[in-house]
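# Architecture at a glance
Here is how the chains run, residue by residue.
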Amino acid sequence: QVQLVESGGGLVQPGGSLRLSCAASGSIFRITYMAWYRQAPGKERELVARINNSGSTNSVDSVKGRFTISRDNAKNLVYLQMNSLKPEDTAVYYCNSRDKYALDYWGQGTQVTVSS
């Protein structure tokens, strides 16, 4: 089992920045990659960015150049730095991990609202 706890969401004006954090605990040695997803009202949950154990990353086109995923292995933390935020980035953001048995784990989610 892997436990994930997100933090760092909130209300920000368009053009502003936020950094989300995800703390992992439990059987973290089984994790193969960590990711951030988001779900806006009335929409399906979508992958935002992912980072594997080697540090390789990928992200959805809509956030490229604005969002950066990173990890601190010593602290078992994963971050999502979000810059130049837009109203369409408003969503609940979820931390995700997948282990070597292809099991997915999810955090409880953190709300990000971009509004003036």
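Refer to the structure above for everything that follows.
Here is a short report on the structure shown in this document.

### Observations regarding the nonpolar core
- One finds Met34, Trp36, Leu80, Met82 and Tyr93 to be the most contacted residues of the largest nonpolar core, which totals 27 residues.
- When contributions to this core are tallied by element, the ones reaching two or more residues are β1 (2-7), β3 (18-26), β4 (31-39), β5 (46-52), β7 (67-72), β8 (77-82), β9 (91-99) and β11 (110-114).
- If you tally residues by element for this core, the top one is β3, at 4 residues.
- Among all residues touching Met34, those that are not within four sequence positions of it are Leu4, Cys22, Ala24, Ala49, Arg50, Ile51, Ile69, Arg71, Val78, Cys95, Asn96 and Ser97.

### Remarks on unusual backbone geometry
- Phi is positive for Ser84, close to 50 degrees, though the residue is something other than glycine.
- Looking at the secondary structure, you find Ser84 in the loop between β8 and β9.
- The class of Ser84 is partly exposed, set by a relative accessible area of 41%.
- One non-glycine residue with positive phi stands out, namely Ala102, at about 65 degrees.
- By secondary structure assignment, the location of Ala102 is in the loop between β9 and β10 (104-106).

### Concerning the packing of aromatic side chains
- In total, this model carries 2 aromatic pairs according to the counting rule given.
- When the centroid spacing of 5.0 Å and the interplanar angle of 70 degrees are considered together, the rings of Tyr37 and Trp106 count as edge-to-face. With Tyr37 in strand β4 and Trp106 in strand β10, the pair connects residues that are 69 residues apart, well separated along the chain.
- The class for Trp106 is partly exposed, based on a relative accessible area of 36%.
- Cluster of aromatic residues (ring-pair linked, three or more members): Tyr37, Tyr94 and Trp106.
- In this structure, Arg45 packs its charged tip against the face of Tyr94, placed 3.7 Å from the ring centre.
- Against the face of Tyr33 rests Arg50, its NZ or CZ located 4.9 Å from the ring centre.

### A look at the environment of Met82
- Relative to the helices and strands, Met82 is located in strand β8.
- A C-alpha to C-alpha distance of 24 Å links Met82 and Ile31, two positions 51 residues apart in sequence.
- Excluding its chain neighbours within four sequence positions, the residues that come into contact with Met82 are Gly16, Ser17, Leu18, Leu20, Arg66, Phe67, Tyr93 and Val112.

About the thresholds
- Residues numbered from 1 in each chain as written.
- Predicted model: local features only at pLDDT ≥ 70, side-chain atom pairs only at ≥ 80, totals over all residues.
- Heavy atoms only, no water.
- Core = buried A, V, L, I, M, F, W, Y, C linked by side-chain atoms within 4.5 Å.
- Buried < 20%, exposed > 50% of the residue type's maximum accessible area, 1.4 Å probe, protein only.
- Helix = DSSP H or I, 4+ residues; strand = E, 2+ residues; numbered from the N terminus.
- Contact = heavy atoms within 4.5 Å.
- Phe/Tyr/Trp six-rings, centres within 6.5 Å; stacked < 30°, edge-to-face > 60°.
- Lys NZ or Arg CZ within 6 Å of the ring centre and 35° of its normal.

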